[in-house]
Every structure is written in structure tokens, then in C-alpha cells.
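# What the coordinates show
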Amino acid sequence: MEQGHALLALIVIPLAAAGVLVLVPSERKDVVRVISALATGALFAISLYVFIAYKAGPDQFRFDLRYDWIENVGILKEHGISLHLGVDGIAATMVLLNGVVAFAGTLISWKIEHKNKDFFILFLILVAGVFGTFS
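The structure contained in this document is the topic of the report that follows. Keep in mind that what you see is a predicted model, and the values were worked out from it rather than measured. (Residues numbered from 1 in each chain as written. Predicted model: local features only at pLDDT ≥ 70, side-chain atom pairs only at ≥ 80, totals over all residues. Heavy atoms only, no water.)

Turning to a nonpolar patch on the surface, a few remarks are in order. Taken together, Val34, Leu38, Leu107 and Trp110 make up a surface patch of nonpolar side chains, about 380 Å² in accessible area. The topology assignment puts leucine 107 in helix H3 (residues 89–108). By relative accessible area, which is 43% here, leucine 107 ends up partly exposed. (Patch = residues over 30% accessible without salt bridge, like charges linked within 9 Å, V, L, I, M, F, W, Y side chains within 5 Å. Areas by Shrake-Rupley, 256 points an atom, 1.4 Å probe, with all protein chains shown as cover. Salt bridge = Lys/Arg side-chain N within 4 Å of Asp/Glu carboxyl O. Helix = DSSP H or I, 4+ residues; strand = E, 2+ residues; numbered from the N terminus. Buried < 20%, exposed > 50% of the residue type's maximum accessible area, 1.4 Å probe, protein only.)

Next up, the structure:
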């Protein structure tokens, strides 16, 4: 597996977990908690991997991943539209910090009783957005 896919997983996993939580009945608070904990635990492990595997070098970015979507169209010219992920030294640290905060936030929020499904869905979407920002 290419290393850049780890960054993509940091965005896709919380969005997929939020999608799964939408299908879970609100009465099953225990299932909501377990799915959230598993997802954020996986995010913490991947973010730890990104931080440890990052090696500074002459190139500015590591874990570089690019998917081109549209190229050479109208006003976009040769730049087009693409998904481009990568981390530098500061971003690798921020990815680790976000992984720690996401996992800790899930564990701290374990006792939420009122609308915990809604909370965890929005929390996971927020986590995905922050990982996307740092990547």
C-alpha cells in the first residue's frame, strides 16, 4: 500500500463511521459508542503511523497522494481539479495531535446520554474535516 493512502484513510474512516452511525437506531447507545471508539482508535493508530514514518528530507512533502479528476477543461487549463494530499513536518505533528484528541474526545464523551448518536455523527464529520485540513 502506498503511504499516501494513510492520509486518505484518515478522511474516509470517520466519514464512513458517521455513515454507519446514521443507520444505527438511536436507542442503541452502546453500539454508537463502540463504533465511534473503534473508528477513532483506528484514526489514532494511523495518525501515529504517519507521525513515526515521516522523515524530513529535501522534498517539502511526504505521504504524497494525488488523484486527478478533471484536466484541461475551459478556464481550469492544465491545473484542473484534483485531490492532493501530503504532510510536511508541522502537518505530521498536527495529524498526530488530531488523532490523540479524536480518540480522547470519544472516550471522554462516552457518558453522553442525550442524543449521543447525533453528537458522535457530527464529531466524526468534524474530525474528518480537521484531518483533511492538515493533509
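Before going further, it helps to spend a moment on the packing of helix H1 (residues 4–23) against helix H4 (residues 116–134). A pair of packed helices is captured by two measures, namely the crossing angle of their axes and the spacing between those axes. Where H1 contacts H4, the two axes come as close as 8 Å, and the packing angle between them is 165 degrees. With respect to each other, H1 and H4 are oriented roughly antiparallel. Our pair here, H1 against H4, has a crossing hand that is left-handed. Across from Leu10, Ile11, Pro14, Leu15, Ala17, Ala18, Leu21 and Val22 in H1, the residues of H4 making contact are Lys117, Phe120, Ile121, Leu124, Ile125, Ala128, Phe131 and Gly132. When grouped by side-chain class, the residues that make up the contact of H1 with H4 number 14 nonpolar, one polar and one charged. (Axes fitted to C-alpha atoms, helices over the stretch in contact; angles between N-to-C directions. Parallel < 35°, antiparallel > 145°, perpendicular 65-115°, else oblique. Left-handed = near helix turned anticlockwise from the far one by under 90°. Contact = heavy atoms within 4.5 Å. Nonpolar A, V, L, I, M, F, W, Y, C, P; charged D, E, K, R; others polar.)

With that settled, the discussion passes to the side chain of asparagine 98. Counting through the fold element by element, asparagine 98 comes out in helix H3. The class for asparagine 98 is buried, based on a relative accessible area of 9%. Ignoring anything within four residues of it in the chain, the contact list for asparagine 98 reads Val127, Val130, Phe131 and Phe134.

Contact pair H3 / H4: the axes reach a minimum separation of 9 Å and the direction vectors enclose 170 degrees. Classified by the angle their axes make, H3 and H4 are roughly antiparallel. In this structure, H3 contributes Ala91, Met94, Val95, Asn98, Gly99, Val101, Ala102, Gly105 and Thr106 to the contact, and H4 contributes Phe120, Phe123, Val127, Val130, Phe131 and Phe134. Broken down by class, the residue content of the contact of H3 with H4 amounts to 11 nonpolar, four polar and no charged.

When you line up the elements, lysine 117 lands in helix H4. The side chain of lysine 117 sits in the buried core without any salt bridge; aspartate 118 is the nearest counter-charge, 6.0 Å away. Side-chain polar atoms of lysine 117 contact the backbone oxygen of valine 22, separated by 3.1 Å. Other than its neighbours up to four places away in sequence, lysine 117 contacts Leu21, Val22, Val24, Ser26 and Val32. (Lys, Arg positive; Asp, Glu negative; His and termini not counted. Polar contact = N/O pair within 3.5 Å; in protein donor to acceptor, adjacent residues only side chain to side chain.)

To describe a pair of aromatic rings, you give the distance between the ring centres and the angle between the ring planes. In this structure the tally under the stated criterion is three aromatic pairs. With a centroid separation of 6.1 Å and an interplanar angle of 15 degrees, the aromatic rings of phenylalanine 44 and phenylalanine 103 are classed as stacked. Remark: phenylalanine 103 occurs in helix H3 and phenylalanine 44 occurs in helix H2 (residues 29–53); sequence separation between them is 59 residues. Among the residues examined, phenylalanine 103 registers a relative accessible area of 28% and is labelled partly exposed. With 5.7 Å between their ring centres and 15 degrees between their planes, phenylalanine 119 and phenylalanine 123 make a pair best called stacked. (Phe/Tyr/Trp six-rings, centres within 6.5 Å; stacked < 30°, edge-to-face > 60°.)

Nothing here speaks to function; it is all geometry.
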